[in-house]
Amino acid sequence: MTVGVIGHHKCNGHNMGDYHPESPKRMGAIQDQLIRSGLECVIRQYDATPIDRDLISLAHDKKYIQHIFDNAPAIDDKAAIFRIDDDTSMNADTLPAALLSAGAAINAVDLVMDKTLNAAFCATRPPGHHAEYDKGMGFCFFNNIAIAAAYAKDKYQLERVAIVDFDVHHGNGTEDIIKRATANNKEAGYLFCSSYQYPFYPFEMQESDTPPIINTPLPATCKGPEFREAISKHWLPALEKFKPQIIFISAGFDAHIEDEMSQISLTESDYRWVTDELKVIADKHSEGRIISMLEGGYALSALGRSVVEHIKGLIGN
C-alpha cells in the first residue's frame, strides 16, 4: 500500500508562544520518529502547496475568511500578534502555515483520488477540527478536514464521505460545518464520528448515535479496552452501514497516557487498532482511500510514536 506524508517546513513558523502546547516542536518529534522507525524509507514524502483561497469557502463563511486575512500580521512584522481567542493567536507566519496546512489536505485528496497514493497523512499545523463555519478557536483557524471533505465531494463527485475524529477533544468545528451542510439537504452524503473525553473542552457536544453525527463521549477514566469497545459499538456499525467512498481522519493523539492535556489513558497500540479497523472499512468500501490530518498530540515522544503506529496502520500488514 502506497502511503504519503505531506508537510512543509513553513508550518513551523506558526508560533503561539514558548509555553504553548501547540508548538513547532511537534513537527520535529514526528519526523524524528519516522526516521527512527525506518518508515522514512517506505513512505513517500511531499511538500504541501498553499490552498487556493476560494477553496476555503467550501467550509467557511467568506466574511470570516476575510477577517482572518485582514488581521493576519504582516510577514515582515515579527513582533505582531493577533488573538482569535485566549488560546489561539496569529503571528506573522501563521497565515502562510494555515494555508499550507489546508493545502496539504487538498493535495492529499488529489493524490489519493488519482491513485498516486492509497492513503495520506498530513503532518502539518495549525490543526483545524475546532474551527467552525464562521469562527476560529482552540488552536484552529481553518477546518482542514472539512474543507478537504467538501472538496472531494465537489471535484470528484463522491456521494458518501466519512470523517472520523479520535482527538481527545470533540471536533465541534467539523460537526458545525457538517450540520450546516446537511440542514437543508438530508442527502448531503456525510457521516461524522467523534470520540472525546466528556466533560471537556469545548463543552458543546451532545451524545448522538443518529447519522450524520455519531458523538461518542468517553469518561476521564477511559483506557484502551473501553475506547475500543466504544468505537466497536458506535462507529464501526455506522460506517459499515454508510459504506463511505473515502474516509477522512482527524488524527489527534492527545488522549495518550503520557499527554497531560487530558486524563484518558490510550497508548500507541490503541491508535494502531483504530487505524486498522478503519482500514478494513476503507478496503471494503472506499478502494482503500484514507486521508488523515494531524490534530492534537502534545507529549512529543508519545506523539511521534503514535503517528508511526498510525502510519503503519495506513500501510497495512
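All values derive from a computational prediction rather than experimental measurement. (Residues numbered from 1 in each chain as written. Predicted model: local features only at pLDDT ≥ 70, side-chain atom pairs only at ≥ 80, totals over all residues. Heavy atoms only, no water.)

## With respect to the overall build of the protein chain
Looking only at helices and strands, one finds nine helices and eleven strands in the protein chain. In terms of overall dimensions, the protein chain is globule-like: its C-alpha atoms have a radius of gyration of 18 Å, near the 20 Å expected for 317 residues. C-alpha atoms of the protein chain, sized along the principal axes, occupy 50 × 45 × 40 Å. The proportion of buried residues among the 317 residues of the protein chain is 61%. In the protein chain, 75% of the contacts between residues at least 6 apart in sequence involve partners at least 24 apart. Surface summary for the protein chain: the accessible area is close to 12,800 Å², and the carbon and sulfur share equals 49%. (Helix = DSSP H or I, 4+ residues; strand = E, 2+ residues; numbered from the N terminus. Rg over C-alpha atoms; globule rule 2.2 N^0.38 Å. Buried < 20%, exposed > 50% of the residue type's maximum accessible area, 1.4 Å probe, protein only. Contact = heavy atoms within 4.5 Å. Areas by Shrake-Rupley, 256 points an atom, 1.4 Å probe, with all protein chains shown as cover.)

## Details of the packing of helix α1 (residues 25-37) against helix α9 (residues 300-315)
One way to put it is that α1 packs onto α9 with a least axis distance of 8 Å and a crossing angle of 55°. The orientation of α1 relative to α9 falls into the category oblique. The way α1 lies across α9 gives a crossing that is right-handed. Side by side, α1 and α9 meet where K25, R26, A29, I30, Q33, L34 and S37 of the first sit next to L300, S301, L303, G304, R305, V307, V308 and I311 of the second. (Axes fitted to C-alpha atoms, helices over the stretch in contact; angles between N-to-C directions. Parallel < 35°, antiparallel > 145°, perpendicular 65-115°, else oblique. Left-handed = near helix turned anticlockwise from the far one by under 90°.)

## Focus: the packing of aromatic side chains
The relative placement of two aromatic rings is captured by the distance of their centres and the angle of their planes. Scanning the model with the defined rule gives six aromatic pairs in all. Ring plane angle 40° and centroid distance 5.6 Å describe the contact between F166 and Y271, whose orientation is recorded as tilted. Placement of F166 in the loop between β6 (161-165) and α6 (172-183) and of Y271 in helix α8 (residues 268-285) is noted, with a sequence separation of 105 residues between them. Each of the two residues, F166 as well as Y271, counts as buried. The interplanar angle of 75° and the centroid separation of 6.4 Å between the aromatic rings of F227 and W273 together place this pair among those described as edge-to-face. In this pair, F227 is assigned in helix α7 (residues 224-242) and W273 in helix α8, connecting sequence segments 46 residues apart. One exposure class covers both F227 and W273, and it is buried. Through pairs of rings, three or more aromatic residues link up here, namely F166, F253 and Y271. Sitting above the plane of the F69 ring, R53 keeps its charged end 4.2 Å from the centroid. In this arrangement the basic side chain of K153 is found over the ring face of Y190, its NZ or CZ atom lying 5.3 Å from the centre. (Phe/Tyr/Trp six-rings, centres within 6.5 Å; stacked < 30°, edge-to-face > 60°. Lys NZ or Arg CZ within 6 Å of the ring centre and 35° of its normal.)

## Quick word on the nonpolar core
Grouped together as the largest cluster of nonpolar side chains are 51 residues, with contacts concentrated most on I6, V109, F142, I147 and F248. Tallying contributions element by element places helix α4 (residues 94-113) first for this core, with 13 residues. Residues contacting I147, with those up to four places away along its chain left out, are I51, L55, I56, L58, A59, H60, A102, I106 and F142. Formed by 49 residues, the second largest nonpolar core is a distinct cluster that contains L239, F253, A255 and W273. (Core = buried A, V, L, I, M, F, W, Y, C linked by side-chain atoms within 4.5 Å.)

## Examining the pairing of strand β10 (residues 246-251)
Here β10 lies mainly inside the structure; six of its six residues are buried. Judged by which residues are buried, β10 turns out to be covered on both faces: I246, F248 and S250 on one side and I247, I249 and A251 on the other are all buried. Here five bridges tie β6 to β10, and the two strands are oriented parallel to one another. The residue of β10 that forms the bridge with V164 is I249. Each parallel crossover has a hand, and the one from β10 via α8 to strand β11 (residues 290-294) is right-handed. (Pairing = 2+ DSSP bridges. Right-handed = clockwise from strand over helix to strand, strands pointing away.)

## Comments concerning the sheet that holds strand β9 (residues 213-218)
Spatial strand order, β2-β1-β5-β11-β10-β6-β7-β9-β8: nine strands in an open sheet with mixed pairing. Each edge of the open sheet is held by one strand with a lone partner, namely β2 (44-47) and β8 (208-210). Across the sheet, the mean angle from the axis of one strand to that of its neighbour is 15°, orientation sign disregarded. Strand direction decides the pairing type here: strand β7 (residues 190-197) and β9, joined by six bridges, are parallel. By the bridge assignment for β9, Y196 is matched with P217. Of the strands in this sheet, β6, β7, β10 and β11 touch helix α5 (residues 144-156), which is tilted by about 170° from β10.

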